Each structure stands twice: as C-alpha cells, then as structure tokens.
Amino acid sequence: MNYLKLGLIREYKNPPDKRVALLPEQCLELQAQYPFLQVKVESSSIRCVPDDAYTQLGIEVGDDMSDCDLLLGIKEVPVDKLLSNKTYLFFSHTIKKQAHNRKLLQTVIKKNVKLVDYECLTNERGERIVAFGYYAGIVGAYNGIRGYGLRYSLFNLKPANQCHSMAEMISTEYPKVAALPAIKIALVGKGRVGKGAKDVLDGMNIKQVSPEEYLTQTFSEPVYTQISSADYYARKDGKTWDSQYFHQNPAQVYSTFERFAALTDILITTAFWHPSTPSLFSLEALKSTDFRIKVIADITCDIEGFVPCTLKASTITEPFFDYQPHTHSLTDAFSNENHVTLMSIDNLPCELPYDASRAFGRQLLDNVFPHLLVGHDSEKVVKRATIAEKNALTGYFEYLSDYIYSKKDE
C-alpha cells in the first residue's frame, strides 16, 4: 500500500459551519488502523475543535494542503479553493442539478478532481451510510418545542447552538419542558431524521401514543404520535395502501392529514418529500378554523413543498417567523395568535457541531474508510458515490451532462 496523506479542510461557506469530518481522537484511531496514512488539518478559527486540540495529539496543522492526496470537508468547496488532481469528499449538492453549484461541478471536471459525494455513499440496499440527519432531527424537534414555549411564554429554552453539547441540553434545558400543558404533537416521518426527533420528545418525557389513540382520545398530559406516509396519504384509486406503489407512483396519492391537523398543536416534519407528491395539507386548510396547528418545525424544509407555508428557510440566528394564512405572507415571529409560527432552518446539525461531527466521524471510520483506503472497493461503495474523475462525469452521473454543459459554454 502506498503512503497516503489525508487532509481535513477548512469550511469556507457563510454562514460559518463549525463541523469537521474527524475529531482529533478519531484522527489517531484512523492512523492506528491504517499505518500507511497520515492526517493533516487545515488551520481554522471557526471549527468546533480548535487547532491546538489536534496539535496536542501530534496531528499536523497548517495552511498549505497541496501535499495531501485525499481532502475531506463538509460543505461545498469554493471553486477557487479546489486543488487540481486531488480526491475530495464533501456534500456537493449537485446531484439534483442545483443551479447555484453548477460552476462547482464544472470546475471539478476542469481541474481533474475526483469528487466523492457523501450523500451518495450507500450500502448494497441503497441505504445511506453517512449522514447528519439524526442531528437535524434532534435540533429541529428541540426548536419546535422551544418555539412553542416562546409563543405562549411557558419557558425559554436556551438555543441549541448556545449549549456546549447535547449533554448540556439534556441536563439543563429538557427539565424546563415540564411546563408544557396537555398539548398534542404530530411527528411526521420514521427515518433517521425522525429517530432524532423522537429521541428528543422521549428525552423530554413526552408520552408517545398510537395514531388511533391520538385521533380518538383526550389526555391530561402532553403527548405525541409518530406517523408514516400510510397514516397521512391514501391512494387515489381507493386500493389498500402499498408503500412500494407509493414510492413508484408518488403523484397517485392524496393527503388525509387534515384529521391530524384538527387535533395537533405542534407539527414536526422529518419525512422525505418528492415534488410529485401532494403537500401534507393545503393552503386553504390553513385558513380553516379546524386547522389547530400553531407551531411547525419543518425539518424537511422544502420551500413551498411538503409544508406549503414554508416560504423560506430560516436561520440559526433568526429561527422563527410567522405565516399569515389569509394573506399568504410572512411576518415577525410570535406577532399574532392567529398566525402560524414556523421554524425551517436548513442547516440544523450546525447547532450541535461537536456532537454531530463525532457521530459523522464514527460513520466514516466504520462505513467508508474500509472501502476508500484498502482493497479494491469490491462492493462499489465509493464508485457509486464518485460523481467525477479523470476530467469527466462517471457513468452513474452522466445524467448531469446537460446540467454542466451548454452551448454557451462551448
């Protein structure tokens, strides 16, 4: 095995992202497992782990990363920072033909960069093997409860990004939620993101009930139910629900969620949404007196999509805004009891950067590096996630050709 140097690069996107692919102790674990590899860290003043935490463990820190073979970041790398003839791993946000990153993919090809996209790293069942979704669920659900407390002056939870860690959130902030009245919370989605949100509600000692109990019973304490597509969609042809049919025919369903909306105080959305699928509820439904929801934590954050009143993404510094149903417009958070308060932050894991980085690094160590650093990637884990190499798109991503090439570029 040839000697390799792996670099952890600085994050350049604004607002600043404090996450990192590997914590210092994980770098040591990686080097111990693969003696032919050395880790180098690009100096950063915003990273959740300071430079000296790496140097104290004997890990090189510097500003010049040109001697590295593999370069790992989190968010997109600015085109002027991409080094030619290198292998990069980061979230490129190009596989859905995102217009704002077209130049990035063009530059990747021009500079002969081998680009491996974290989002495309999957196992043989097509399941993602590295992701930050769990922490998106955690912070999103926490913000939903925080927003309800602020709206009704019940409690004031410290913003997640002001907590040193999730442990602090649990020990100092969760107990404040005991002031919640007997409200109902609908948690939509049962994937990785939904698991994170569920862990928060469980950690706050909010009782879980079945969808049937939720719809038919009253409670003397706050409760939540976790629902999946079969609970809030139905087939247009009237036949029995079939998840495989739904995934193959997303446009052939209609929403039945309004029965939940009439009973729900806080809505937390974590489900994947396909643009062909109907929204969870209609804009007209929002105007109805039967629509009870007053706080929505839209972790999904598809603009005017799954949650049609999500007209913009909010930010960590300004997480909440109000939606006015009768004017279909936005205004300041908590400004009127007839408004719906939304939280739609699209970079939620950044609020708990250390915890999120630790979990992400663990996934890389367990699920990715064995395929990336040794053997011949026999399961094609890395190959399936490689968008470009040798100055061209790979076969898996040839569908992006019309996205990056056009006559005006010739």
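Residues numbered from 1 in each chain as written. Predicted model: local features only at pLDDT ≥ 70, side-chain atom pairs only at ≥ 80, totals over all residues. Heavy atoms only, no water.

Peer 1: Help me out: how do you make sense of the domain arrangement of the protein in this one?
Peer 2: The accessible area lost on association of the parts is a frequent measure of interface size. The domain boundaries assigned to the protein delineate domain 1 (4-129 + 353-405) and domain 2 (132-346). Computed from C-alpha atoms alone, the centre-to-centre distance between domain 1 and domain 2 is 32 Å. Taken together, the contacts link ten residues of domain 1 with five residues of domain 2. Summing the contributions of domain 1 and of domain 2, the shared interface buries around 710 Å²; its carbon and sulfur component is 59%. A class-by-class count of the residues in the side of domain 1 that touches domain 2 yields five nonpolar, two polar and three charged. (Domains from an automatic or database assignment. Contact = heavy atoms within 4.5 Å. Buried area = accessible area lost by both parts, 1.4 Å probe. Nonpolar A, V, L, I, M, F, W, Y, C, P; charged D, E, K, R; others polar.)

Peer 1: Sorry, what's going on with the nonpolar core here?
Peer 2: Most often, soluble globular proteins keep nonpolar side chains buried together rather than apart. By size, the foremost hydrophobic cluster in this structure holds 99 residues, and its most contacted members are Leu8, Tyr118, Ile145 and Phe369. Mapping this core onto the domain boundaries places at least three of its residues in each of domain 1 (4-129 + 353-405) and domain 2 (132-346). In contact with Leu8, other than residues within four places in its own chain, are Val20, Ala21, Leu22, Cys27, Val39, Lys40, Val41, Glu42, Arg47, Tyr54, Met65 and Leu72. Core analysis: the second largest hydrophobic core is formed by 32 residues, Tyr214, Phe246, Phe281 and Leu342 among them. (Core = buried A, V, L, I, M, F, W, Y, C linked by side-chain atoms within 4.5 Å. Buried < 20%, exposed > 50% of the residue type's maximum accessible area, 1.4 Å probe, protein only.)

Peer 1: Help me understand the sheet that holds strand β7 (residues 184-188), please; the structure alone is not making it clear to me.
Peer 2: Pairing between sheet strands relies on hydrogen bonds along the backbone, with the strands arranged either parallel or antiparallel. The sheet built from eight strands is open, its strands ordered β8-β9-β7-β12-β13-β16-β14-β15 with mixed pairing. Lying at the two open borders of the sheet, with one neighbouring strand each, are β8 (207-208) and β15 (329-331). Here strand β13 (residues 295-298) runs beside strand β16 (residues 340-343); their pairing, made up of three bridges, is parallel. From the neighbouring strand, Ile296 faces β16, where its bridge partner is Leu342. (Pairing = 2+ DSSP bridges. Helix = DSSP H or I, 4+ residues; strand = E, 2+ residues; numbered from the N terminus.)

Peer 1: Explain the sheet that holds strand β3 (residues 60-62) to me, please; I cannot follow it from the model alone.
Peer 2: As summarised here, the arrangement of the eight strands in space is β3-β2-β1-β4-β5-β6-β17-β18, forming an open sheet in which the pairing is mixed. At either margin of the open sheet sits one strand with a lone partner, and together these are β3 and β18 (392-393). Pairing of strand β17 (residues 386-389) with β18 involves two bridges; the strand directions are antiparallel. Directly across from Glu389, in β18, lies its bridge partner Ala392. Strands β1 (4-8) and β2 (37-42) of the sheet are contacted by helix α1 (residues 24-33), whose axis makes an angle of about 155° with β2. Relative to strand β4 (residues 70-72), helix α12 (residues 353-372) is tilted by about 155°, and along the sheet it contacts β1, β4 and β5 (87-90). (Axes fitted to C-alpha atoms, helices over the stretch in contact; angles between N-to-C directions.)

Peer 1: Help me understand the pattern of salt bridges, please; the structure alone is not making it clear to me.
Peer 2: If the charged atoms of two oppositely charged side chains come close together, the side chains can form a pair. Summed over the entire model, instances satisfying the criterion amount to 22 salt bridges. When salt bridges that share partners are traced, they join Lys5, Lys40, Glu60 and Asp67 into one network. (Salt bridge = Lys/Arg side-chain N within 4 Å of Asp/Glu carboxyl O.)

Peer 1: Teacher, can you tell me more about the packing of aromatic side chains here?
Peer 2: By convention here, two paired aromatic rings are described through the distance between centres and the angle between planes. All told, the structure shown has 20 aromatic pairs when counted by the stated rule. Measuring from ring centre to ring centre gives 5.6 Å for Tyr233 and Phe246, while their planes differ by 45°; the resulting arrangement is tilted. One end of the pair, Tyr233, is in strand β10 (residues 233-235); the other, Phe246, is in helix α9 (residues 243-248), and 13 residues separate them in sequence. The buried category is assigned to Tyr233, whose relative accessible area is 3%. A relative accessible area of 10% places Phe246 in the buried class. Taken together, Tyr214, Phe257, Phe260, Phe281 and Phe291 form an aromatic cluster joined through their ring pairs. Positioned above the aromatic ring of Phe132, the side-chain terminus of Arg19 is 4.3 Å from the ring centre. One residue, Arg235, lies across the ring of Tyr245, its end atom 3.5 Å from the ring centre. (Phe/Tyr/Trp six-rings, centres within 6.5 Å; stacked < 30°, edge-to-face > 60°. Lys NZ or Arg CZ within 6 Å of the ring centre and 35° of its normal.)

Peer 1: Can you help me understand helix α4 (residues 133-151) in this one?
Peer 2: Since the α-helix advances by 3.6 residues per turn, residues separated by three or four positions end up pointing in the same direction. Taking 1.5 Å per residue as the helical rise, α4 with its 19 residues ought to reach 27 Å, and the 27 Å between its terminal C-alpha atoms agrees with that figure. With 17 of 19 residues buried, α4 is to be regarded as a mostly interior element. The first or second residue beyond α4 is Ser153, which carries a positive phi of 55°. (Expected span 1.5 Å × (residues − 1).)

Peer 1: Please clarify how the environment of Asp355 should be interpreted in this entry.
Peer 2: You can see Asp355 is positioned in helix α12. Judged by relative accessible area, which is 6%, Asp355 ranks as buried. Once residues lying within four places of it in the same chain are set aside, the contact partners of Asp355 are Tyr135, Ser165 and Met166. Side chain to side chain, Asp355 and Arg358 meet in a polar contact 3.1 Å long. (Polar contact = N/O pair within 3.5 Å; in protein donor to acceptor, adjacent residues only side chain to side chain.)

Peer 1: Just checking my understanding: could you explain the side chain of Glu42 for this structure?
Peer 2: Along the chain, the position of Glu42 falls in strand β2. Residue Glu42 is classed as buried on the basis of its relative accessible area, which comes to 7%. With residues up to four places along the chain from it excluded, the contact list for Glu42 reads Leu8, Ile9, Arg10, Tyr12, Arg47, Gly62, Asp63 and Met65.

Peer 1: Before we go on, may I ask you to explain the pairing of β13 in this structure?
Peer 2: For a regular strand, side chains alternate in direction, first toward one face of the sheet and then toward the other. Judged by which residues are buried, β13 turns out to be covered on both faces: Val295 and Ala297 on one side and Ile296 and Asp298 on the other are all buried. Direction of pairing for strand β12 (residues 266-269) relative to β13: parallel, over a ladder of four bridges. If you follow Thr269 over to β13, its bridge partner there is Asp298.

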